[in-house]
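Architecture at a glance
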Amino acid sequence: MKRRILISWLLCLLPLCCIQAQESHWQCDIRSFQYDMTMYVALSLDGTPIVQDGYEVAAFCGDECRGVATLETIAGTDKAYYYLRVRSNVTEGETITFKYYHTGTRQEVVLDETVDFVSQAVTGYPSEPFVLTGVNTLLPGDVNGDTKITAVDMMMLINKVLGKQVSSSFIEAGADTNADGKVTAVDLMKIINIILGK
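Given the structure is predicted, the values throughout are model-derived calculations rather than measurements.

Here's the deal with the overall build of the protein chain
From N to C terminus, the protein chain includes 4 helices and 9 strands. N-terminal to C-terminal, the α/β element order of the protein chain is α-β-β-β-β-β-β-β-β-β-α-α-α. Buried positions account for 35% of the 198 residues belonging to the protein chain. Within the protein chain, residue pairs in contact and separated by at least 24 positions form 61% of the contacts whose partners lie at least 6 positions apart. Carbon and sulfur atoms make up 55% of the accessible area of the protein chain, which totals about 12100 Å².

A short note on the environment of arginine 31
Mapped onto the fold, arginine 31 is located in the loop between helix H1 (2–17) and strand S1 (35–45). The exposed category is assigned to arginine 31, whose relative accessible area is 74%. Distance from arginine 31 to arginine 87, taken between C-alpha atoms, is 9.5 Å for residues 56 residues apart in sequence.

Description of unusual backbone geometry
Positive phi outside glycine occurs at aspartate 46, with the angle close to 55 degrees. Here aspartate 46 lies in the loop between S1 and strand S2 (48–49). Of note, the phi angle at glutamine 120 is positive, near 70 degrees, even though the residue is not glycine. Structurally, glutamine 120 is set in the loop between strand S7 (107–118) and strand S8 (122–123). Glutamine 120 sits in the exposed class, given a relative accessible area of 61%.

Re the confidence of the model for the protein chain
Across the protein chain, the average pLDDT comes to 84, with 88% of residues at 70 or higher. Averaged over each element, pLDDT in the protein chain is lowest for H1 (47) and highest for S8 (97). In the predicted structure, residues 9–22 sits below a pLDDT of 50 and forms 0 contacts with residues beyond four places in sequence or in another chain.

Comments concerning the nonpolar core
The biggest cluster of nonpolar side chains holds 24 residues, and the ones touching the most others in it are Met39, Leu43, Tyr82, Leu84, Val86, Ile96 and Phe98. Where this core is concerned, the elements lending two or more residues are S1, strand S3 (55–61), strand S4 (64–73), strand S5 (80–88), strand S6 (92–102) and S7. With 5 residues, the single largest contributor to this core is S1. Those residues in contact with valine 86 that lie beyond four places of it in its chain are Tyr35, Asp36, Met37, Met39, Ala59, Arg66, Ile96 and Phe117.

Brief notes about the pairing of S1
Of all 11 residues in S1, 10 are buried, a share of seventy percent or more. Bridge count between S1 and S5: 7 bridges; the pairing is antiparallel. Note that in S5 the partner of threonine 38 across the bridge is arginine 85. Pairing analysis gives 2 bridges linking S1 to S8, with the strands arranged parallel.

Rules and cut-offs
- Residues numbered from 1 in each chain as written.
- Predicted model: local features only at pLDDT ≥ 70, side-chain atom pairs only at ≥ 80, totals over all residues.
- Heavy atoms only, no water.
- Helix = DSSP H or I, 4+ residues; strand = E, 2+ residues; numbered from the N terminus.
- Buried < 20%, exposed > 50% of the residue type's maximum accessible area, 1.4 Å probe, protein only.
- Contact = heavy atoms within 4.5 Å.
- Areas by Shrake-Rupley, 256 points an atom, 1.4 Å probe, with all protein chains shown as cover.
- pLDDT = per-residue confidence, 0-100.
- Core = buried A, V, L, I, M, F, W, Y, C linked by side-chain atoms within 4.5 Å.
- Pairing = 2+ DSSP bridges.

The following block contains the structure:
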């Protein structure tokens, strides 16, 4: 009897074991590289620190991805950082550039800073990350990603605020016009004012 209960319980848990982590936008085969350096970085767009999920940061040498990171937070604080392991096959000298990707808008943007690769180097710390800066290319109020704010965006946002199903082209970050991490009637009013030219 105990064995049947145990087997039944394990069968119930089996689907949870098969859940896979969300696929990253960029791929980096870490086994292809011999050396690495560690970076603790923060992301700042248009002078505003980005501390919400939905962004990936990646390191590149030329067009080759050398490392990918997602946001991590320090428990009990409002601090956040990206833990980025940058890979190479030489011990030093390569110029590393950075990009961010927003999962909601599916936009990939080059960041301003570069660093020189040095094997085993550590840049930044969780408490004081190295800041990567760039421009937020998302137009607040552009809910469907067509680079315009129209009545279509307004209608999509009305459906979201009312709890109705929204289309797969709905971009949450574009709907959050005041960047408070929530999509509410306040955001809807802002889009209406933009459309009316106020």
